[in-house]
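In case you want the letters, here they are:
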Amino acid sequence: MATAPVVPTAAVLSHETLELHLRHTFTISRSSEDVAKTLLLRLEVGGITAYGESSPVGRYEETVEQVARQIDAMHLGDADFWFFDEIIERLPRDARAARCGIDLVLHDLAGKRLGVPVYRLLGLDPGCAALTSFTIGIADLPQTIEKTREARDLPVLKVKLGSGKEVETLEAIRSIYTGTVRLDANEGWNAEQAAKILAELGRFDIEFCEQPIPAGHPEQLRFVRERSPVPIVADEDCRTLDDVALLAGCVDGINIKLVKCGGMREAVRMIHAARALGMKVMIGCMIESSVLCTAAAQLTPLVDYADLDGPLLITDDPFVGVSYDAGRLRLPPLAGLGVMPRTLR
Ligand code: MG
């Protein structure tokens, strides 16, 4: 745990590492984990405490320690906290995870100063918040069946693939689950494999498949898309606004994550760019607490699909925020991001 006041005058910015424990070991095509570390940010100014969170992952070569150092190096003594872009631009452009944490703090502070939830600041109807999927990580078939059975009342499941038993996995899931199924291969196949596997999986009524092949080859995504009965969504290939136009025509949609792109402000830009290019939009999460997932949930009235199950996958969420009603996201009517420490409830 580290606490680092960096503003000696009116505003105090501090951070704390959270260790979030997974309900089940979380396995995807490239990794497996039982504990996820995120960085909680706290800005105290004018009697208000504003929260933010950053959940950097190795896939994008960012760590909690690195984000903590970047936050410590910020100088906010002269900051006007209403000028979001000016403050976010004090961080390096590639410090996406740190930018995300600060962006969330600024949104939470603005909402609390005005006494309105962030969705109201953005003019969004919380009744239009999307359904979220619940993730089934890679496991052997008996475990996959058990996890699916536990989740079978939920309307949307996202199934992680990449073990080489794709057809058997989908057969097992479809034998007990009739809801919406989306897939995520997390870059686990090559283009030829992806086209072949997705052609076989088409019969299981799949909503879409995320990132079938390694990022960096939009033309290969186009190859897969042209051969797949299952729509294709870019995740690892779509990190920031700069990536969106490059993917037009190569995929059916993009998956935006706040920590991947740099926060809510960049996410809104990406949503509008994707819409202009005729793409569907999903908003997703890493393993993270209710702070980050509630921030992402504030934007779901703008998107087609949500995958915001981070708090459902952990056992020790230190915050209360967005709630889940049979898969439907319920935004809290509280000012700012709408999150509060569980101990203060
Ligand atoms: Mg994904």
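If you're wondering where the values come from, they're calculated on a predicted model, not measured in any experiment. (Residues numbered from 1 in each chain as written. Predicted model: local features only at pLDDT ≥ 70, side-chain atom pairs only at ≥ 80, totals over all residues. Heavy atoms only, no water.)

Colleague: Help me get a handle on the nonpolar core, residues and values and all.
Modeller: Residues Leu-43, Phe-81, Ile-102, Leu-104, Leu-183, Leu-258 and Leu-308 are the most contacted members of the largest nonpolar core, which totals 111 residues. It is helix H3 (residues 96–114) that contributes the most residues to this core, nine residues altogether. Counting contributing residues per domain, this core is built from domain 1 (11–115) and domain 2 (121–344), each supplying no fewer than three. For Leu-183, the residues in contact, after removing those within four places along its chain, are Val-159, Leu-161, Leu-170, Leu-198, Leu-201, Ile-206, Phe-208, Cys-209 and Glu-210. (Core = buried A, V, L, I, M, F, W, Y, C linked by side-chain atoms within 4.5 Å. Buried < 20%, exposed > 50% of the residue type's maximum accessible area, 1.4 Å probe, protein only. Helix = DSSP H or I, 4+ residues; strand = E, 2+ residues; numbered from the N terminus. Domains from an automatic or database assignment. Contact = heavy atoms within 4.5 Å.)

Colleague: Which residues make up the packing of helix H7 (residues 191–201) against helix H8 (residues 218–227), and what values do they have?
Modeller: Think of two packed helices as two axes; the pair is described by the angle between the axes and how far apart they sit. Interaxial distance between H7 and H8 falls to 9 Å at its minimum, and their mutual angle equals 20°. One way to sum up the angle between H7 and H8 is to call them roughly parallel. Pair H7 / H8 crosses with right-handed handedness. On the side of H7, the interface is formed by Ala-191, Glu-192, Ala-194, Ala-195 and Leu-198, while H8 contributes Gln-220, Phe-223, Val-224 and Arg-227. Split into classes, the residues belonging to the contact of H7 with H8 amount to six nonpolar, one polar and two charged. (Axes fitted to C-alpha atoms, helices over the stretch in contact; angles between N-to-C directions. Parallel < 35°, antiparallel > 145°, perpendicular 65-115°, else oblique. Left-handed = near helix turned anticlockwise from the far one by under 90°. Nonpolar A, V, L, I, M, F, W, Y, C, P; charged D, E, K, R; others polar.)

Colleague: Which residues make up the coordination of the magnesium ion, and what values go with them?
Modeller: When a metal carries six donors in an octahedron, the ideal angles between them are 90 or 180 degrees, while four donors in a tetrahedron ideally lie at 109.5 degrees. Distances from the magnesium ion to its protein donors, Asp-184 (OD), Glu-210 (OE) and Asp-235 (OD), fall at 2.0 to 2.2 Å. All donors of the magnesium ion come from a single chain, and their spacing in sequence reads D-x25-E-x24-D. Highlighted residues: Asp-184 in strand S6 (residues 180–184) and Asp-235 in the loop between strand S8 (232–234) and helix H9 (241–244), separated in sequence by 51 residues. (Donors = N, O, S within 2.8 Å, 3.2 Å for Na, K, Ca; no water.)

Colleague: Can you explain the packing of aromatic side chains? Please cite residues and give values.
Modeller: The full count for this structure, using the stated rule, is two aromatic pairs. Ring centres of Tyr-51 and Phe-319 lie 5.0 Å apart, and the angle between their planes is 70°; this geometry places the pair in the edge-to-face category. Here Phe-319 lies in strand S12 (residues 319–320) and Tyr-51 lies in strand S3 (residues 48–54), a separation of 268 residues in the sequence. The exposure class of Tyr-51 is buried, given its relative accessible area of 8%. Arranged with centres 4.8 Å apart and planes meeting at 50°, the rings of Phe-208 and Tyr-305 form a pair that is tilted. Taken together, the positions of Phe-208 in strand S7 (residues 206–210) and Tyr-305 in strand S11 (residues 305–307) put the pair 97 residues apart, joining distant regions of the chain. On the basis of relative accessibility, which here comes to 15%, the residue Tyr-305 falls in the buried class. The ring of Phe-223 has Arg-227 sitting right over it, with the charged end atom 3.6 Å from the ring centre. (Phe/Tyr/Trp six-rings, centres within 6.5 Å; stacked < 30°, edge-to-face > 60°. Lys NZ or Arg CZ within 6 Å of the ring centre and 35° of its normal.)

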